[in-house]
Amino acid sequence: MKPITYLIIFLCFCACSSDNSNGNNANTGDDDPAVVTNPLLDFTVPSNFPDATYSIIQNPPTEKGFELGKKLFYDGQLASDGVVSCGFCHIQSFSFTHHTHITSHGVDGQIGSRNAQPLHNLAFMNEFTWDGAATFLDTQPIIPITAEVEMNETVSNVLSKLAADDDYPTMFEEAFGSEGISADRMFKALSQFMVMMISANSKFDKLERGEAVTFTDEENAGRAVFDAKCASCHAGTLQTDQSYRNNGLPVDPEYNDIGRERVTGVASDNRKFKVPSLRNIEITFPYMHDGRLGTLENVLDFYTDGMVDSPTLDDQFRRPDGTLGLDITTEEKVQLIAFLKTLTDNDFIEDRRFAEF
């Protein structure tokens, strides 16, 4: 694991100071300033991971902040119907995706156009959502909260409900060191919960770190195929290069989703979606931005035989003979799936810290 020096500095500071007015430092007891009543959590970057992109210094996760963020994450009050929470579509046992619905379902049974993405390793991502509409984790929840087909609420209404709640005023004070419920604090608390969602203990990770595990022959063969034919997009430890690409999906006339172009307004971004991380891919079905493919076998069959051409199709999918797709044999598909299953992190999926109350 990589040491996080700045958190050690914060911890020393918080153990010696009772000034919490800026809301970023852990609280201390009034009777004994050496007693930390809201200790910092241990945010440690795994040794095989890149540096975090989220500024932990600006919003260091604390025990009380994490608890507040967790309560908010699973609270239907963030939606207009009092039912649809963040956890409604992001279920831990599925690596915080949703198997029951192909695309997200919101208040009053409304149906969205995109599949709920998994929530893990968000502290290492540059942008969020399928089209990168959110560039900062603290502001990403605004999108589902205010979307009519998701939570269909306003931030001001959410804050009013939290202020009238029996528990939240005290929880906000304990988390941030002073009275007051605000949008900034609400989103910081949600981020404190989500940045702790680090999935880094799969068989793949253990092998990367030189721990006492070995791949089977089939898994090794699958990794070789993956490195040759998949890793240009699903790159590095995070299993994504975080780019936006058109992978040749036929246009679904029901949704007619233009992808990244909706954010940038640039025609060359038409039908491009963010390359998803493949971590925990075994359990995050259904696949693609609209959940149209139900199994990993379906996904690999699409990549060999299902693509359609368009002006923004990624060039790597164009074969020299003019046909489209990746050259992967039936045997290689079996090997690939065996490798992809090494990315499943059961420790993360079963981590009680993130479980609903």
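A brief structural summary. (Residues numbered from 1 in each chain as written. Predicted model: local features only at pLDDT ≥ 70, side-chain atom pairs only at ≥ 80, totals over all residues. Heavy atoms only, no water.)

## Things to note about the packing of helix 9 (residues 217–229) against helix 12 (residues 330–340)
Then, number 1: Direction vectors running N to C along helix 9 and helix 12 enclose 100°, while the axes themselves pass 7 Å from each other. Of the possible angle classes, the one that applies to helix 9 and helix 12 is roughly perpendicular. When helix 9 is examined against helix 12, the residues Glu218, Glu219, Ala221, Gly222, Arg223, Val225, Phe226 and Lys229 are found in contact with a partner set consisting of Glu332, Val334, Gln335, Leu336, Ala338, Phe339 and Leu340.
Then, number 2: Looking at side-chain class alone, the contact of helix 9 with helix 12 contains 8 nonpolar, 2 polar and 5 charged residues. (Axes fitted to C-alpha atoms, helices over the stretch in contact; angles between N-to-C directions. Helix = DSSP H or I, 4+ residues; strand = E, 2+ residues; numbered from the N terminus. Parallel < 35°, antiparallel > 145°, perpendicular 65-115°, else oblique. Contact = heavy atoms within 4.5 Å. Nonpolar A, V, L, I, M, F, W, Y, C, P; charged D, E, K, R; others polar.)

## Some thoughts on unusual backbone geometry
Then, number 1: With omega at 0°, the peptide bond leading from Phe285 into Pro286 counts as cis.
Then, number 2: As for its placement among the helices and strands, Pro286 is situated in the loop between strand 2 (273–274) and helix 11 (296–305).
Then, number 3: Phi is positive for Met288, which is not a glycine, with a value near 80°.
Then, number 4: In this structure, Met288 sits in the loop between strand 2 and helix 11.

## Things to note about the packing of aromatic side chains
Then, number 1: Scanning the entire structure with this criterion turns up 20 aromatic pairs.
Then, number 2: When the ring of Phe73 is compared with that of Phe193, the centres are 5.1 Å apart and the planes differ by 55°; the resulting orientation is tilted. Separated by 120 residues along the polypeptide, Phe73 in helix 2 (residues 63–73) and Phe193 in helix 7 (residues 183–195) bring together distant segments of the chain.
Then, number 3: Classification of Phe73 by relative accessible area gives buried; the value is 1%.
Then, number 4: Relative accessible area serves as the criterion here: at 0%, Phe193 is assigned to the buried category.
Then, number 5: When the centroid spacing of 6.1 Å and the interplanar angle of 80° are considered together, the rings of Phe204 and Phe339 count as edge-to-face. Of the two residues, Phe204 sits in helix 8 (residues 203–208) while Phe339 sits in helix 12, which places them 135 residues apart along the sequence.
Then, number 6: For Phe339, a relative accessible area of 0% gives the class buried.
Then, number 7: Through a chain of ring-to-ring contacts, the aromatic side chains of Phe66, Phe73, Tyr74, Phe96, Phe193, Phe348, Phe354 and Phe357 assemble into a single cluster.
Then, number 8: Seen from the ring of Tyr244, Arg260 lies directly overhead, with NZ or CZ sitting 4.2 Å from the centre.
Then, number 9: The positively charged end of Lys274 is found above the aromatic ring belonging to Phe128, 5.9 Å away from the centroid. (Phe/Tyr/Trp six-rings, centres within 6.5 Å; stacked < 30°, edge-to-face > 60°. Buried < 20%, exposed > 50% of the residue type's maximum accessible area, 1.4 Å probe, protein only. Lys NZ or Arg CZ within 6 Å of the ring centre and 35° of its normal.)

## Overview of the nonpolar core
Then, number 1: The biggest cluster of nonpolar side chains holds 51 residues, and the ones touching the most others in it are Phe43, Leu68, Leu72 and Met186.
Then, number 2: For this core, the secondary structure elements donating two or more residues are helix 2, helix 5 (155–164), helix 6 (168–176), helix 7 and helix 13 (346–349).
Then, number 3: In terms of residues, this core owes the most to one element, helix 7, which gives 7 residues.
Then, number 4: Apart from residues lying up to four places away in sequence, Leu72 is in contact with Leu78, Leu162, Tyr168, Phe172, Met186, Ala189 and Leu190.
Then, number 5: Phe215, Val299, Leu326 and Leu336 belong to the second largest nonpolar core, which has 27 residues in total. (Core = buried A, V, L, I, M, F, W, Y, C linked by side-chain atoms within 4.5 Å.)

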